[in-house]
Amino acid sequence: RRDRLLRSLIFRVLPHPRRMRVALALQPLGRHLPVPGSLAPLLELAPPWRAAERLPALTSATGERRGRIGLLAGCVQRVVFGDVNAATARVLAAEGWDVVAPKAQACCGALSIHAGRLEEGLGRARRLIDTFAADDLDLIVANAAGCSSSLRDYAPLLADDPAYAEKARAFSQRVRDVFE
C-alpha cells in the first residue's frame, strides 16, 4: 500500500513541470520536517532548486540554414536542466538549424512506459506526436536519454494502433540523441 502511494505521488509530480517546480521549491522545508521513510531517499536525490533557463519556442539558425529541428524539453529536463536545453538550442542554431520547442509539448511518456504504465505512456506519446506534427521538422532531438529511447520506441509501441502506427513510425525515424 505504501509503495503504491509513493508511485502515485511520483506520477502526479514528475511528468508535470509546474508541480515539479513547486515540489523542488519546497524541498528545503522537507529536509527539516518529518518525512515518511519512503520519501526520504527522494529528498536526498532531488537536485537543489534553482530557477532554470526557459527554452524559447523558436531559436533561429545563424549562418547557412540546414533545416528545422524539434527539441523535446522533457518534464524533469526542463525543470532541473533547462539551461542545458537552452544551450543545446543555441549550439544547434549556431550549426545552422532552426530549433523549434513547442510550448504545448508535455511529457513524452517515458517515465510511464519504463514503469510499466503502458496505456498512460502511450496516451502521452500520441499527444507528443500530434504536438510535433504541427511543425515541418527534419529531426527531433532530446537531451534526456530516457526520453530519447522512448521516442525511438514509439513506432513498435504504437504499431497496432491504426490511427498512430504510421505517424509513430515517421516520428521515430526522425528522432536523434543530441549527442548524435
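Examining the environment of Glu 64
Take Glu 64: it is sitting in the loop between β1 (58-59) and β2 (67-72). Classification of Glu 64 by relative accessible area gives exposed; the value is 72%. In this structure the C-alpha to C-alpha distance between Glu 64 and Ala 93, which are 29 residues apart in sequence, comes to 9.9 Å.

Digging into the sheet that holds β1
Read from one edge of the open sheet, five strands run β1-β3-β2-β4-β5, paired in mixed fashion. In this open sheet, the two edge strands, each paired with only one partner strand, are β1 and β5 (175-177). Examined bridge by bridge, β1 and strand β3 (residues 97-100) share two bridges and lie antiparallel to one another. Bridge assignment links Thr 59 to a residue of β3, and that residue is Val 99. Packing against the sheet, helix α9 (residues 145-157) makes contact with β2, β4 (139-142) and β5, and its axis sits at approximately 155° to β5.

Criteria and cut-off values
- In this numbering scheme, every chain counts its residues from 1 along its sequence in written order.
- Residue-level local features of this predicted model are given only where pLDDT is at least 70; pairs of side-chain atoms are given and counted only at 80 or more, and the full residue set underlies all totals for whole chains, interfaces and linings.
- Side-chain calculation: all heavy atoms of the structure are included, whereas hydrogens and water are not.
- Here a strand is any run of E in DSSP of at least two residues, a helix any run of H or I of at least four, and the numbering for each starts at the N terminus.
- Only protein chains enter the accessibility calculation, which uses a 1.4 Å probe; a residue is then buried when its area is under 20% of its type maximum, exposed when over 50%, and partly exposed in between.
- Here, a strand pair is defined by DSSP locating no fewer than two bridges between the strands.
- Only heavy atoms enter the contact rule, under which two residues are in contact if any of them lie within 4.5 Å.
- Helix axes are fitted to C-alpha atoms over the stretch in contact, other axes to C-alpha atoms as well, and angles between N-to-C directions run from 0 to 180 degrees.

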